[in-house]
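# Descriptive structure summary
Listed below are the residues making up each chain.
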Amino acid sequence: MSDIRSRYSDELSFFGANTPAQLLEKWGSPLYVYNENVLRRRCRELMALSAHAGFGVNYSVKANANPVLLRIIREEGLVVDAMSPGELYLDKLAGFTPDQILYIANNISPDEMRQALEQGVLVSVDSLSQLETLGRLNRGGRVMVRFNPGIGAGHHQKVVTAGKETKFGVTPDLLDEVLAILKRHDMRLAGINHHIGSLFMEADGYIAAASVLLELAERLPADVLRGLEIIDFGGGFGIPYHKYEGQPRLDMADLAEKLHALISDWSAKTGYAGRFLVEPGRYVAAECGMILTGVNNVKYNGDTCYVGTDVGFNVLARPAMYDSFHDLEIYAGPAGTADRAEKEQTIVGNICESGDILAKKRLLPALHEGDILGILDAGAYGFSMSSSYTQRCRCAEVLIDAEGKARLIRRRETPEDLARCYAVD
Ligand code: LLP
């Protein structure tokens, strides 16, 4: 079998001792495949961003919550966040202890707050009223407050999470009110955090926002600053999705230099001896994950060549939701000797909506029924955003371990799984 477009996965030996065809044959299509070596490499790059004693990496689990991957991430020394009872449960299942988990909440009910507190994790709230609620539930306890630095960033308006046009965070002008609520409930401000948005490819915006958070920390009364344990700058670290066009990576050396200088200088100036966290999700998990699928159908509607697969937006929501670009690899199926001249093709899924488009008008070697496609950079916000829309069972997940061996880390759902929660006899 000759692969048509597979340079990226070949260079990484992404599939280890297996071919994409073997993996699909064993576990069915579509299939999420993760590579352990790539995951560990990304974790190590992040952990190396600063040698400052208090520096740490808080993996944002929303990107991918598979507990087998979480265990690898834990082995690499990262801690984790959670933003729902489900994420908290999976964090603990993966072996994280309550002191290694931050509950970064947004608009949660008093009941959910209570549950998180009962589990012994530090809760971050992002409004005055949520702070009040937590104060009533946790008088004399510790709390983290999420601020909005007024600087947003992101690959799409839907993922910018700071600035005036978003629902997130407490604006710095409300600091006095925050302090008053803390006092009223005898609470200690154990942490401050923010998250400006998702997917930046240059360090400067992130560093500028981090400086704003540090300026805010400096405005805290001396006794409050002394009690502060965590300053968390949030995530957003981008990855190059346009791999076959040679898109450059985020310059981690530049980011490391600027971040390390910022936190070291600030600690020296203020005497702060607590932790500094960054909170990436995508950077940790995106590149270690690919989706494999077969080409089921090729047809023309007018001038448009549609290539039909079973990766609908139930499997990968990002293209339909944000017009996101995912690069594609092509591994030849039985029609290996067929015409492979490049042409524009629109790759679609099997959902009954015309927005079910995976890749629009892509210039690629001609695809044929029976070919196998690899969808790159699907490890973050891929499976975690997948659904059972149209009652398609969520697909299996497989890990290629450090020795190149493949193992199932989540089985494919079955129709019985779909039926389990309904109240039918
Ligand atoms: N911390 C907080 C509080 C967050 O809300 C997020 C992401 C992160 C950290 C991690 O951000 P990252 O490093 O992954 O950019 N579904 C979208 C991305 C949504 C991000 C939501 N919050 C996508 O597929 O692009």
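If you're wondering where the values come from, they're calculated on a predicted model, not measured in any experiment.

## Digging into the packing of helix α6 (residues 110-118) against helix α7 (residues 128-137)
Their axes nearest at 10 Å, the elements α6 and α7 cross at an angle of 55°. As summarised for this structure, α6 and α7 are arranged oblique, according to the angle between their axes. Classified by chirality, the crossing of α7 by α6 is right-handed. Counting all contacts with α6, which are made through Pro110, Met113, Arg114 and Leu117, the residues of α7 involved are Gln130, Thr133, Leu134 and Leu137. Looking at side-chain class alone, the contact of α6 with α7 contains 5 nonpolar, 2 polar and 1 charged residues.

## A short note on unusual backbone geometry
Following Ser29, the chain continues to Pro30 via a peptide bond in cis, the omega torsion being -5°. Inspection of the secondary structure puts Pro30 in the loop between α2 (20-27) and β2 (31-35). The phi angle at Thr390 is positive, at roughly 60°, despite the residue not being glycine. Here Thr390 shows up in the loop between β16 (372-375) and β17 (396-400). With relative accessibility at 34%, the residue Thr390 sits in the partly exposed group.

## Digging into the site of the ligand
By nearness alone, 18 residues border the ligand, and Ser198, Glu279, Arg318, Tyr322 and Tyr381 come closest of all. Between the ligand and Glu279, the relevant distance is 2.6 Å, taken from a nitrogen atom to a side-chain nitrogen or oxygen of the residue. Between Tyr381 and the ligand, the recorded distance is 2.6 Å, taken from a side-chain N or O atom to an oxygen atom. Isolated, the ligand exposes 580 Å² of accessible area, and the fraction of that covered by the protein chains is 92%. For the shell around the ligand, the class distribution of residues is 6 nonpolar, 7 polar and 5 charged. The two domains that each donate at least three residues to the shell around the ligand are domain 1 (3-34 + 287-413) and domain 2 (105-280).

## What to know about the domain arrangement of the protein
What the domain assignment lists for the protein is domain 1 (3-34 + 287-413) and domain 2 (105-280). A separation of 36 Å is found between the C-alpha centroids of domain 1 and domain 2. Each partner contributes residues to the interface: domain 1 has 16 residues there, and domain 2 has 12 residues. Summing both partners gives a buried area of about 1300 Å² for domain 1 against domain 2, and 53% of it is carried by carbon and sulfur. Together, Glu287, Tyr322 and Phe325 form the three largest contributors to the area buried by domain 1 at its contact with domain 2, with a combined 40%. The interface formed by domain 1 and domain 2 contains 3 salt bridges. Linking Glu287 and Arg249 is a salt bridge whose minimum nitrogen-to-oxygen distance equals 2.8 Å. At the junction of domain 1 and domain 2, the tally comes to 9 residue pairs in polar contact (both at pLDDT 80 or more). Of all elements in the fold, only α1 (7-12), α13 (318-322) and β13 (328-331) reach the threshold of two or more residues within the side of domain 1 that touches domain 2.

## So, the sheet that holds strand β4 (residues 79-82)
Pairing is parallel in the closed barrel, where 8 strands are placed in the order β3-β4-β5-β6-β7-β8-β9-β10. On average, adjacent strands in this sheet sit at an angle of 30° to one another, irrespective of strand direction. Of the pairings in the sheet, the one linking strand β8 (residues 188-193) to strand β9 (residues 230-232) comprises 3 bridges and is parallel in character. Bridge assignment links Ile192 to a residue of β9, and that residue is Ile231. Sheet contacts for helix α11 (residues 252-270): β3 (55-59), β9 and β10 (275-278); angle to β10, the most-contacted strand, approximately 155°.

## With respect to helix α9 (residues 203-218)
With 16 residues, α9 extends 23 Å between its outermost C-alpha atoms, agreeing within 8% with the 22 Å of an ideal straight helix rising 1.5 Å per residue. Within the span of α9, buried status applies to Ala203, Tyr206, Ile207, Ala209, Ala210, Leu213, Leu214, Leu216 and Ala217. Looking at the packing, one finds that the buried side of α9 touches α8 (175-184), β8, α10 (222-227), β9, α11 and β10.

## Some points on the pairing of strand β14 (residues 342-348)
Relative to β14, strand β12 (residues 304-309) runs parallel, the two being bridged by 3 bridges. Looking at β14, one finds that Gly308 is bridged to Val348. Two strands pair when backbone bridges link them, and β14 and strand β15 (residues 357-365) are joined in this way by 6 bridges, in the antiparallel orientation. Paired with Ile347 across the strands is Ala359, a residue of β15.

## Some points on α8
Every buried residue belonging to α8 is among Leu175, Val178, Leu179, Ile181 and Leu182, and all of these are buried. Taken around the axis of α8, the buried residues stretch over an arc of 160°, which confines them to a single face. Turned more than 90 degrees from where α8 packs its buried face, Asp176 and Lys183 sit exposed. One or two steps after α8, the chain reaches Asp186, where phi turns positive at roughly 55°.

## Some thoughts on the environment of Val424
Note that Val424 resides in the segment after α14 (415-419). The spatial distance from the C-alpha of Val424 to the C-alpha of Tyr241 is 44 Å, given a sequence separation of 183 residues.

Cut-offs applied
- Residues numbered from 1 in each chain as written.
- Predicted model: local features only at pLDDT ≥ 70, side-chain atom pairs only at ≥ 80, totals over all residues.
- Heavy atoms only, no water.
- Axes fitted to C-alpha atoms, helices over the stretch in contact; angles between N-to-C directions.
- Helix = DSSP H or I, 4+ residues; strand = E, 2+ residues; numbered from the N terminus.
- Parallel < 35°, antiparallel > 145°, perpendicular 65-115°, else oblique.
- Left-handed = near helix turned anticlockwise from the far one by under 90°.
- Contact = heavy atoms within 4.5 Å.
- Nonpolar A, V, L, I, M, F, W, Y, C, P; charged D, E, K, R; others polar.
- Buried < 20%, exposed > 50% of the residue type's maximum accessible area, 1.4 Å probe, protein only.
- Near = heavy atom within 4 Å.
- Polar contact = N/O pair within 3.5 Å; in protein donor to acceptor, adjacent residues only side chain to side chain.
- Areas by Shrake-Rupley, 256 points an atom, 1.4 Å probe, with all protein chains shown as cover.
- Domains from an automatic or database assignment.
- Buried area = accessible area lost by both parts, 1.4 Å probe.
- Salt bridge = Lys/Arg side-chain N within 4 Å of Asp/Glu carboxyl O.
- Pairing = 2+ DSSP bridges.
- Expected span 1.5 Å × (residues − 1).
- Arc of directions from axis to C-beta.

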